[in-house]
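Structural description and commentary
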Amino acid sequence: MDEVFYHEPVLLRETTQYLLEAHKGDSEGTKRVYVDCTLGGGGYTKKILEDSPEETVVIAIDRDVYAIEHCKKVLSEYSSRIIFKQRNFGEIIDIVQSEGFEKIAGIVMDLGLSTFQLSHEAGFSYQKDTALDMRADKSQQLTAADVLNTYGEKDLADILFKYAEMRYSRQIAKEIVEYRKSKKFETTFQLTELLSAKVPPRFLNSDLSRLFQAIRIEVNNELENLERVLEDSPEMMTEGARIVAVSYHSLEDRIVKNAIRSNEKLKVLTKKPVEATEEEISLNVRSRSAKLRAAEKDSNKQGSKNKYKKDI
Ligand SMILES: C[S@@+](CC[C@H](N)C(=O)[O-])C[C@H]1O[C@@H](n2cnc3c(N)ncnc32)[C@H](O)[C@@H]1O
């Protein structure tokens, strides 16, 4: 699979800089363990290892078996410094502890989908006619087709509204339920056609991406996993260790922002989210919506309000 283009990392320099800066002055020879919660094509993990001393180890998590298989090949020169885990990052405590580690030196997460998932895995893209799957972890039961064929109208409307702030969420949910009375949902173009018939052409692409986003979030339980990892991580971090999260839509960014602001063990480092430069956007359009937020473990944080450090 390594001949296939997998993913172009977004905000790579900024992310690893925030993460690694915490340990710049540490003495040589200290073994540090970082967690890359979203391995994908391995861009972040590789950069962390390149920019760190030899002793540094990365626990590289992805729930998608293709990401793990791909990175085992392309990062083979670092194999002694990477612990691959095909798991859900929502289980971060168990993942770290089961490897015998108690504390970690920092955590990164780059949310959403890889380019490979969008272009090669079934269900994620509305531009290709594929099975309505959308499972990042193919061993799980629930698929996008299950959601569309079995959820009640109100639940569907709630998903579309909550997970994608979709206009006409109730009407679209009603249409979905109406449609499946005569035909089961099996492929992505059925959804595309259903929406094309209801939405003015100028809104079609943005509504399609919202609809697919909402179903994908439901299938993969994305927001709950994100809340769990943000809540559980600070406890496992050493003093001064950093958590860096890159998100691509407002729901995720809001969860990250609120979680790091309200955690009494974290000091926020990014007053405003860091965004991609014009240059990066011109080279990689996916970076346009990226928002990076970072925080540092500080158990002695005074008062309830965060004092922001100067942004990098
Ligand atoms: C945007 S890609 C990461 C790209 C990576 N930073 C790189 O440089 O190539 C996001 C990855 O996170 C994975 N992912 C999303 N949610 C996850 C979860 N809850 N647990 C584990 N992996 C997850 C996806 O399967 C996908 O491979």
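Below is a short write-up of the structure.

The rules behind each value
Residues numbered from 1 in each chain as written. Predicted model: local features only at pLDDT ≥ 70, side-chain atom pairs only at ≥ 80, totals over all residues. Heavy atoms only, no water. Phe/Tyr/Trp six-rings, centres within 6.5 Å; stacked < 30°, edge-to-face > 60°. Helix = DSSP H or I, 4+ residues; strand = E, 2+ residues; numbered from the N terminus. Buried < 20%, exposed > 50% of the residue type's maximum accessible area, 1.4 Å probe, protein only. Lys NZ or Arg CZ within 6 Å of the ring centre and 35° of its normal. Salt bridge = Lys/Arg side-chain N within 4 Å of Asp/Glu carboxyl O. Disulfide = S-S within 2.5 Å. Near = heavy atom within 4 Å. Polar contact = N/O pair within 3.5 Å; in protein donor to acceptor, adjacent residues only side chain to side chain. Pairing = 2+ DSSP bridges. Expected span 1.5 Å × (residues − 1). Bend = angle between axes of the 7 residues up to and from the residue. Axes fitted to C-alpha atoms, helices over the stretch in contact; angles between N-to-C directions. Parallel < 35°, antiparallel > 145°, perpendicular 65-115°, else oblique. Left-handed = near helix turned anticlockwise from the far one by under 90°. Contact = heavy atoms within 4.5 Å. Nonpolar A, V, L, I, M, F, W, Y, C, P; charged D, E, K, R; others polar.

1. Some details on the packing of aromatic side chains
Tallying each qualifying case throughout the model produces four aromatic pairs. Between Tyr6 and Phe116, the aromatic rings sit 4.6 Å apart at their centres with planes inclined by 5°, giving stacked as the arrangement. Residue Tyr6 is found in the segment before helix H1 (12–21), and its partner Phe116 is found in helix H5 (residues 115–120); the two are separated by 110 residues along the sequence. Across the pair, Phe116 and Tyr6 agree in class, each one buried. One aromatic cluster is present, built from ring pairs that chain together Tyr6, Tyr66 and Phe116. Lying across the ring of Phe203, Arg167 places its NZ or CZ 3.9 Å from the centre. Directly above the ring of Tyr248 sits Arg286, whose terminal nitrogen or CZ lies 4.1 Å from the centroid.

2. Some words on the pattern of salt bridges
This model, assessed by the stated rule, comprises 22 salt bridges. A salt bridge links Lys154 to Asp158; its shortest N-O distance comes to 2.9 Å. Taken together, the positions of Lys154 and Asp158, both in helix H7 (residues 153–164) and four residues apart, correspond to about one turn of that helix. On the basis of relative accessibility, which here comes to 55%, the residue Lys154 falls in the exposed class. The class of Asp158 is partly exposed, set by a relative accessible area of 26%. The residue Arg167 makes a salt bridge to Asp207 at a minimum N-O spacing of 3.4 Å. With Arg167 in the loop between H7 and helix H8 (169–182) and Asp207 in helix H10 (residues 201–220), the pair connects residues that are 40 residues apart, well separated along the chain. Owing to a relative accessible area of 32%, Arg167 belongs among the partly exposed residues under this scheme. A single salt-bridge network, built from bridges that share partners, covers Glu21, Arg242, Lys267, Glu296 and Asp298.

3. Some remarks on the state of the cysteines
Taken as a whole and assessed by the stated rule, the structure comprises zero disulfides. Cys71 carries a free sulfur, and the closest cysteine sulfur to it, the one in Cys37, is 14 Å from it.

4. Points about the site of the ligand
In the vicinity of the ligand lie 24 residues, with Gly41, Asp62, Phe89, Asp110 and Gln117 positioned nearest. Separating an oxygen atom of the ligand from a backbone N or O atom of Gly42 is a distance of 3.4 Å.

5. Points about the pairing of strand S5 (residues 237–247)
By the criterion of burial, S5 is predominantly enclosed, with eight of the eleven residues buried. Examined bridge by bridge, strand S4 (residues 104–110) and S5 share six bridges and lie parallel to one another. Within S5, the position partnered with Val108 by the bridge is Val244. Relative to strand S7 (residues 291–297), S5 is paired through six bridges, and the arrangement is antiparallel. What sits directly across from Ser247, in S7, is Lys291.

6. Topic: H10
For H10, with 20 residues, the first-to-last C-alpha span of 29 Å sits near the 28 Å given by 1.5 Å per residue. At Asp207, H10 is deflected by roughly 25°, the largest bend along its length. Backbone geometry just downstream of H10 places Asn221 in the positive-phi region, at approximately 50°.

7. Side note on the packing of H1 against helix H2 (residues 43–50)
Pairs of packed helices are described in terms of their axes, by the angle between the two and the distance that separates them. Direction vectors running N to C along H1 and H2 enclose 50°, while the axes themselves pass 10 Å from each other. By the angle between their directions, the pair H1 and H2 is classed as oblique. In terms of crossing hand, the pair formed by H1 and H2 is right-handed. Facing Leu12, Thr15, Thr16, Leu19 and Leu20 of H1, the residues of H2 in contact are Gly43, Tyr44, Lys47 and Ile48. For the contact of H1 with H2, the per-class residue count stands at five nonpolar, three polar and one charged.

8. Looking at the sheet that holds S4
The seven strands are arranged S3-S2-S1-S4-S5-S7-S6 in an open sheet whose pairing can be described as mixed. Each end of this open sheet is capped by a strand with a single partner; those strands are strand S3 (82–85) and strand S6 (266–268). Neighbour-to-neighbour, the strand axes of this sheet turn through a mean angle of 20°, independent of strand direction. Strand direction decides the pairing type here: strand S1 (residues 33–36) and S4, joined by three bridges, are parallel. When the bridges of S4 are listed, Tyr34 appears paired with Gly106. Its contacts with the sheet place H2 against S1, strand S2 (57–61), S3, S4 and S5, and it is angled at close to 175° to S2. Helix H12 (residues 250–262) contacts S5, S6 and S7 of the sheet and is inclined by roughly 15° relative to S7.

Nothing here speaks to function; it is all geometry.
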